[in-house]
Amino acid sequence: MYKIATLNKISQKGISCFSGNYEMVENLEEANGILVRSQDMRSMDFSENLLAIARAGAGVNNIPLDICSEKGIVVFNTPGANANAVKELVLTGLLMSARNLTSAIAWAKTLTATSDIPRTVEKNKSKFAGHEIQGKTLGVIGLGAIGVMVANAAECLGMKVLGYDPYISIASAHELSPSVQIIESLDVLLPLCDYVTIHVPFMENTKEMINKQRLKLMKKDVCLLNFSRDQIVKEDDVLEAIDRGFIRTYVTDFPNENYLDRDQIICIPHLGASTHESEDNCAVMAVEELIDY
């Protein structure tokens, strides 16, 4: 009988995959396996009973891999299980930026005391006129499961899509539309794009990869989207680029106190993988990994 503990709320669809050979426990000291989503485990002490950790999500930056390696604790994640959810939100952010939807919706909500709302709307709607994405160029940085889905979907919406990923897998290359042009250098890709979206994992070599030097390479009035990790973008440099009028919109899934009062920044409260379908998919994949192990 293996004992399994959870550190976050895990979808019941995943938990139900455990057979009678498994018991759910609350005491972490007893657990042979742990299921986790976003809880930070880096300061936790692990018991000698723990054999494996499965994260119901793509990244493992909340798990101390070095300590797990020393103790022989196997760590799993669920790459691709939430890819469609993130793809759909990226497209939403892209369209919100293009059509100035957040500002327009916020303005419309102020009309509650207006006597003639239709007339006021017609008089003022030109303030929120936006752009169509058809024919515009999207640069996709990182062509893993999410990046490939974003690239393919954007192409279906009529965008020209350029991709950059020096480590693209054979599987991703097969899934990618043949019309997506692969650019071998990030510094070559950036000046060509009206929109740039980031889909790389956070590692030492991707930390602050979007910085002042790279921002200077981008087109004026570019829209930058970050649904990957906040540390991949250097915050101060993005704020400076916005203040100087180089970035039209920054769409981020990682709000902080410096972003919230900026009209040019669309802050989404880390909803990338927050769908019922995604939570189910990640939970099932994580549980199956523990069972297989």
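As the structure is a prediction and not an experimental result, all values here were calculated from the model.

Draft legend 1. Geometry of the overall build of the chain. When helices and strands are counted, the chain shows eleven helices and twelve strands. Judged by the C-alpha coordinates and their principal axes, the chain covers about 70 × 50 × 35 Å. In the chain, buried positions account for 45% of the 293 residues. Excluding contacts between residues fewer than 6 apart, the proportion of contacts in the chain whose partners are at least 24 apart in sequence is 58%.

Draft legend 2. Structural view of unusual backbone geometry. Unusually for a residue other than glycine, Asp 221 sits at a positive phi of about 70°. For Asp 221, the location among the structural elements is in the loop between α9 (212-217) and β10 (222-226). Of note in the backbone geometry, His 270 takes a positive phi value of approximately 50° without being a glycine. With respect to the secondary-structure elements, His 270 resides in the loop between β12 (265-267) and α11 (276-292).

Draft legend 3. Summary view of the layout of surface pockets. Of the voids in this model, the second largest pocket is the one considered here, and its volume is about 210 Å³. Lining of the second largest pocket is provided by 13 residues; of these, Leu 215, Lys 216, Ala 241, Arg 244 and Phe 246 occupy positions nearest its centre. Elements with a minimum of two residues in the lining of the second largest pocket: α9 and α10 (235-243). Looking at the lining of the second largest pocket residue by residue, the class counts come to six nonpolar, no polar and seven charged.

Draft legend 4. Quick look at the side chain of Ser 47. Turning to its location among the elements, Ser 47 is positioned in the loop between β3 (33-36) and β4 (52-55). A polar side-chain atom of Ser 47 sits 3.1 Å from the main-chain carbonyl oxygen of Glu 29. Look past the residues within four positions of Ser 47 in its chain and what remains in contact with it is Leu 28, Glu 29 and Ala 31.

Draft legend 5. The sheet that holds strand β6 (residues 137-141), seen in detail. Taken together, the seven strands give an open sheet; going across it, the order is β8-β7-β6-β9-β10-β11-β12, and neighbouring strands pair in parallel fashion. The two strands at the open ends of the sheet, each matched to only one other strand, are β8 (181-182) and β12. Along the sheet face, helix α3 (residues 83-98) touches β6, β9 (195-198), β10, β11 (247-252) and β12 and points at about 150° away from the line of β11.

Draft legend 6. Fine view of the pairing of β6. Buried residues dominate β6, accounting for five of its five residues. The alternating pattern of β6 places Thr 137, Gly 139 and Ile 141 on one face and Leu 138 and Val 140 on the opposite face, and all of these are buried. Taken together, the five bridges between β6 and strand β7 (residues 160-164) define a ladder with parallel strand orientation. Following the sheet pairing, Gly 139 is matched in β7 by Leu 162. In the classification by handedness, the crossover that spans β6, the intervening helix α6 (residues 145-156) and the parallel β7 is right-handed. Alignment of β6 against β9, held across four bridges, turns out to be parallel. By the bridge assignment, Ile 141 is partnered in β9 with Ile 198.

Draft legend 7. Broad picture of the sheet that holds strand β1 (residues 2-6). Strands sit in the order β2-β1-β3-β4-β5 across an open sheet of five strands; the sheet is parallel. Two strands lie at the open edges of the sheet, namely β2 (22-24) and β5 (74-76), each paired on one side alone. Averaged over all adjacent pairs, the angle separating strand axes in this sheet is 20°, with direction ignored. As judged from the four bridges shared by β3 and β4, these two strands associate in the parallel manner. Residue pairing in the sheet places Gly 33 in a bridge with Ala 52 of β4.

Draft legend 8. Summary view of the packing of α3 against α6. At a closest axis distance of 9 Å, the pairing of α3 and α6 adopts a crossing angle of 45°. When the axes of α3 and α6 are compared, the pair comes out oblique. Once α3 is placed against α6, the crossing between them reads as right-handed. Counting all contacts with α3, which are made through Ala 83, Asn 84, Val 86, Lys 87, Val 90 and Leu 91, the residues of α6 involved are Ala 145, Ile 146, Met 149, Val 150, Ala 153 and Ala 154. Of the residues belonging to the contact of α3 with α6, the class tally is ten nonpolar, one polar and one charged.

Draft legend 9. A look at the environment of Ser 228. The topology assignment puts Ser 228 in the loop between β10 and α10. Ser 228 sits in the buried class, given a relative accessible area of 8%. In this structure the C-alpha to C-alpha distance between Ser 228 and Gly 142, which are 86 residues apart in sequence, comes to 9.8 Å. Not counting chain neighbours up to four residues away, the residues in contact with Ser 228 comprise Ile 198, His 199, Val 200, Pro 201 and Phe 254.

About the cut-offs
Residues numbered from 1 in each chain as written. Predicted model: local features only at pLDDT ≥ 70, side-chain atom pairs only at ≥ 80, totals over all residues. Heavy atoms only, no water. Helix = DSSP H or I, 4+ residues; strand = E, 2+ residues; numbered from the N terminus. Buried < 20%, exposed > 50% of the residue type's maximum accessible area, 1.4 Å probe, protein only. Contact = heavy atoms within 4.5 Å. 1 Å grid on protein atoms, 1.4 Å probe; cavity = no way out; pocket = protein on both sides within 12 Å on 5 of 7 lines; lining within 4 Å. Points joined across faces, edges and corners; volume = space filled by probe spheres on them. Nonpolar A, V, L, I, M, F, W, Y, C, P; charged D, E, K, R; others polar. Polar contact = N/O pair within 3.5 Å; in protein donor to acceptor, adjacent residues only side chain to side chain. Pairing = 2+ DSSP bridges. Axes fitted to C-alpha atoms, helices over the stretch in contact; angles between N-to-C directions. Right-handed = clockwise from strand over helix to strand, strands pointing away. Parallel < 35°, antiparallel > 145°, perpendicular 65-115°, else oblique. Left-handed = near helix turned anticlockwise from the far one by under 90°.

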